[in-house]
Amino acid sequence: MIHHLVITAVGTDRPGICNHLTQVVTHSGGNIVDSRIALFGKEFTLIMLVSGKTNTITRIENLLPSISVEHDLMVVMKRTAPHQVPQYTYKIECTVESEDRVGLTEAFTQFFSNHHINISALSAQTLKAPDNTHDALSDQFHISISGLTELDIDIQALQASFEKLCSTLSVSGELQIHPKAD
């Protein structure tokens, strides 16, 4: 029987960190099904879905704590079920750009929650304004959110609600709504 394990690791970014973690998985006989890496400040972050037989997953669970101590990483693991393509009626994609302000990410995640849209991907970042400019440029905020809903939604009402939120927050945004292709 094949089992699945989600691994999350965070630590100071330096060359070779990802390789140490993937070596533990592959040398234990595990298969990396999915993974993401991001840098936040000076921290390396990795999330990985691994599959393997019971003894493989157990070996990974036993080896990673010592690797985390050796490389000064915080590692969290959790067994899970295999990924299944979610059932949905609509895929919703949102992009927003504006001057950076506190609360923007929360406002748009709340929008998705209020409309019963499950967030499937989110990327938000603040881009620093150039220091060498004479103009009073401010930091720029960019967010991209994708979500899925099983509900049969009123597309025009959802679009109007999104436009109202963007107007209220004085941001530039776009909402794309894609019906599931049968």
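Keep in mind that this is a model prediction, so the values were computed, not measured.

Thresholds applied
- The residue count restarts for each chain, going from 1 along the sequence in the order it is written.
- Selection of residues for local features in this predicted model requires a pLDDT of at least 70, selection of side-chain atom pairs for listing and counting requires 80 or more, and totals for whole chains, interfaces and linings are taken over all residues.
- Values shown for side chains rest on all heavy atoms present in the structure; no hydrogens or waters enter the calculation.
- Numbering of helices and strands runs from the N terminus, with a helix taken as a DSSP run of H or I at least four residues long and a strand as a DSSP run of E at least two residues long.
- The quantity called the radius of gyration is restricted to C-alpha atoms. Its globule counterpart is 2.2 Å times the number of residues to the power 0.38.
- Residue burial is assigned from relative accessible area. The probe radius is 1.4 Å, only protein chains are included, and a residue is buried under 20% of its type maximum, exposed over 50%, and partly exposed in between.
- It only takes one pair of heavy atoms within 4.5 Å for two residues to be counted as in contact.
- The method behind every accessible area is Shrake-Rupley, applied with a 1.4 Å probe, and residues are considered shielded solely by the protein chains displayed.
- Counting rule applied: Lys, Arg positive; Asp, Glu negative; His and chain ends not counted.
- Lys charges are placed at NZ, Arg charges at CZ, Asp charges at CG and Glu charges at CD.

**Brief notes about the overall build of the protein**
- When helices and strands are counted, the protein shows four helices and eight strands.
- When the helices and strands of the protein are placed in sequence order, the string is β-α-β-β-α-β-β-α-β-β-α-β.
- A globule of 182 residues ought to have a C-alpha radius of gyration of about 16 Å, yet the protein, at 20 Å, is considerably larger.
- Oriented by its inertia axes, the alpha-carbon framework of the protein measures out at about 55 × 50 × 20 Å.
- Put simply, the protein has 182 residues, and 30% of those count as buried.
- Taking as baseline every contact in the protein between residues at least 6 positions apart, the subset at least 24 positions apart corresponds to 73%.
- Carbon together with sulfur atoms contributes 52% to the accessible area of the protein, which is approximately 11500 Å² in total.
- The average position of the 12 basic charges and that of the 20 acidic charges among the side chains of the protein differ by 11 Å.

**Some words on unusual backbone geometry**
- If you check the backbone angles, histidine 116 has positive phi at about 55° while not being a glycine.
- By the element assignment, histidine 116 lies in the loop between helix H3 (104–114) and strand E6 (118–127).
- Taking the relative accessible area as the measure of exposure, histidine 116 reaches 55% and is therefore exposed.
- For serine 170, which is not glycine, the phi dihedral falls at a positive 55°.
- Topologically, serine 170 is positioned in the loop between helix H4 (155–169) and strand E8 (172–179).
- Taking the relative accessible area as the measure of exposure, serine 170 reaches 59% and is therefore exposed.

**Some remarks on the side chain of serine 146**
- Relative to the helices and strands, serine 146 is located in strand E7 (residues 140–149).
- Residue class for serine 146 comes out buried when judged on its relative accessible area of 14%.
- Look past the residues within four positions of serine 146 in its chain and what remains in contact with it is Ile92, Glu93, Phe112, Asn118, Ile119, Ser120 and Ala121.

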